[in-house]
Amino acid sequence: MFAWRKEILPGVTAAFTNADAGNLALHVGDDPAVVAARRAQLEETLGVAPAGLKFMNQVHGSAVALMTADSTAPEADAMVSQGVPLAVMVADCIPVLLAGVGPTGPVLAAVHAGRPGVANGIVPTAVEAMRAVGAENIRAWLGPSICGHCYEVPEALRAEVSALVPATYGVTSWGTPSLDLPAGAISQLAAVGVSIEFTGACTLETESLFSYRRDQRTGRFAGVLVTHD
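Residue indices follow the written sequence of each chain, beginning from 1 at its first position. Only residues with pLDDT of at least 70 are given local features in this predicted model, and only at 80 or more are side-chain atom pairs given and counted; all residues enter the totals for whole chains, interfaces and linings. Only hydrogens and water are set aside; all other atoms, that is, all heavy atoms of the structure, feed into the side-chain values.

**Let's talk about the layout of surface pockets**
Here the idea is plain: a probe the size of a water molecule rolls over the atoms and shows the empty space left. How we decide: A pocket here means an open set of points on a 1 Å grid, computed over the protein atoms alone, that has protein on both sides within 12 Å along at least five of seven lines. A cavity is instead a set of points where a 1.4 Å probe fits but cannot get out; residues with an atom within 4 Å of a point line either one. Grid points are joined across faces, edges and corners, and a volume is the space filled by probe spheres set on the points. Polar here means any residue outside two lists: the nonpolar Ala, Val, Leu, Ile, Met, Phe, Trp, Tyr, Cys and Pro, and the charged Asp, Glu, Lys and Arg; Gly therefore counts as polar.
Taken as a whole, the largest pocket encloses approximately 660 Å³ of empty space. Lining the largest pocket are 28 residues, and of these His-27, Gln-58, His-60, His-112 and Arg-220 sit closest to its centre. Residues belonging to the lining of the largest pocket are distributed by class as follows: 14 nonpolar, 8 polar and 6 charged.

**Some points on the sheet that holds strand β8 (residues 136–142)**
Put simply, the rule is: Note on pairing: DSSP must find at least two bridges between two strands before they are called paired. Where helices and strands are cited, they refer to DSSP runs of H or I of at least four residues and of E of at least two residues respectively, numbered from the N terminus. Think of each axis as a best-fit line through the C-alpha atoms, taken over the contacting stretch in the case of a helix, with angles from 0 to 180 degrees between the N-to-C directions. By the convention used here, residues are in contact when the closest approach between their heavy atoms is within 4.5 Å.
Taken in spatial order, the 6 strands make up an open sheet running β3-β4-β7-β6-β8-β11, and their pairing is mixed. Edge positions in the sheet fall to β3 (64–67) and β11 (195–199), since each has one partner strand and no second. Sheet twist, expressed as the mean angle between neighbouring strand axes with direction ignored, is 20 degrees. Packing against the sheet, helix α3 (residues 122–132) makes contact with β3, β4 (78–81), β6 (94–102), β7 (105–113) and β8, and its axis sits at approximately 160 degrees to β7. Sitting on the sheet, helix α5 (residues 181–191) is in contact with β6, β8 and β11, with an inclination near 175 degrees to β8.

**Focus: the nonpolar core**
Keep this limit in mind: Buried Ala, Val, Leu, Ile, Met, Phe, Trp, Tyr and Cys residues form a nonpolar core when they are joined through side-chain atoms within 4.5 Å. Burial here depends on accessible area, computed with a 1.4 Å probe over protein chains only, as a share of the maximum for the residue type. Under 20% is buried, over 50% is exposed, and the range in between is partly exposed.
Of all hydrophobic cores here, the largest spans 34 residues; its most connected members are Ile-94, Val-96, Leu-98, Val-111, Met-130 and Leu-189. Of all the elements in the fold, those that place two or more residues in this core are β4, β6, β7, α3, β8, α4 (155–164) and α5. The element best represented in this core is α3, accounting for 6 residues. Leu-9, Met-79, Val-88 and Val-90 belong to the second-largest nonpolar core, a separate cluster that totals 26 residues.

**Some remarks on the pattern of salt bridges**
We count it as follows: Salt bridge, as used here: a side-chain nitrogen of Lys or Arg that lies within 4 Å of a carboxyl oxygen of Asp or Glu.
Under the defined criterion, the tally for this structure stands at 3 salt bridges. For Arg-38, the salt bridge identified is with Asp-30, shortest N-O distance 2.6 Å. Judged by its relative accessible area of 23%, Arg-38 is partly exposed. For Glu-207, the salt bridge goes to Arg-214, with nearest N and O atoms at 3.9 Å.

**Thoughts on the sheet that holds strand β1 (residues 2–9)**
Pairing is antiparallel across the open sheet formed by 4 strands, whose spatial order is β1-β2-β12-β5. Edge positions in the sheet fall to β1 and β5 (86–90), since each has one partner strand and no second. Each strand of the sheet is rotated relative to its neighbour by a mean of 10 degrees, with strand direction disregarded. Of the pairings in the sheet, the one linking β5 to strand β12 (residues 221–227) comprises 5 bridges and is antiparallel in character.

**Quick look at the pairing of β4**
Alternating residues of β4 divide into Ala-78 and Val-80 and Met-79 and Ser-81, and every residue in both groups is buried. Here β3 runs beside β4; their pairing, made up of 4 bridges, is parallel. Bridged to Met-67 within β4 is Ser-81.

**Here we look at α3**
What sets the pattern is the α-helix's 3.6 residues per turn: residues three or four places apart point alike. Rules: Picture the helix axis, draw a direction to every C-beta atom, and the arc is the one those directions span.
Residues Ile-122, Val-123, Ala-126, Val-127, Ala-129 and Met-130 constitute the buried set of α3. Along the long axis of α3, the arc covered by the buried residues comes to 160 degrees, so they all point the same way. Facing away from the buried side of α3 by more than 90 degrees, the exposed set consists of Glu-128 and Ala-132. In the segment just after α3, Gly-134 is the residue with positive phi, at about 100 degrees.

**Some remarks on the side chain of Gln-188**
The condition that has to hold: Between N or O atoms, a polar contact is any pair within 3.5 Å; within protein, one atom must be a potential hydrogen donor and the other a potential acceptor, and residues adjacent in sequence are included only when both atoms are from side chains.
Mapped onto the secondary structure, Gln-188 falls in helix α5. At 2.8 Å, the side chain of Gln-188 forms a polar contact with the backbone oxygen of Val-118. With near-sequence residues (within four places) excluded, Gln-188 lies in contact with Val-118, Gly-121, Val-123, Pro-124 and Val-165.

Printed below as a string of structure tokens:
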């Protein structure tokens, strides 16, 4: 069920699911009842109350939603909470998980960082939102995503994005223009003083993970942050 799972702070676990957990997205044509059952199984495995894990309606934008236990799924690409469990879904984009210590306990963030999100600075915007509620000592875990050696793009698009985030400039393993989104996100995190604790494998190169570039009829795996006793 998990590509990676670890207790990252006392009482806080981060995890990235794999294809064994099944598709967790409602927007890819899957049976909603089956998706709901998979989400419930994930919650049970992680010790989260039913319907306690918060998902977003991800739109490749720059909005950050502040979440409480009563919040419904926002139209956003980042969520911040003070301990409420969070999830982000991907199939090549970067699932960025952030955790820090706030005045009353852990401050968490889950970020959907695709090409538009990295270009628009969704990751540092989420860090800013965490700090606005008192988070300190923020650290980051970057889940599996397509790597710079595999994410081929037109040369004009590489120029456009790397003009905004220079670290994204890449070349594929076969010599064509690419974007290195993980390198871009890492550079943005470093610029705002956030250390990187983990980076995941390439989705395109890893058969146990969903990849939109490998198969456009595919599911979504999740990065999750949960609290527990």
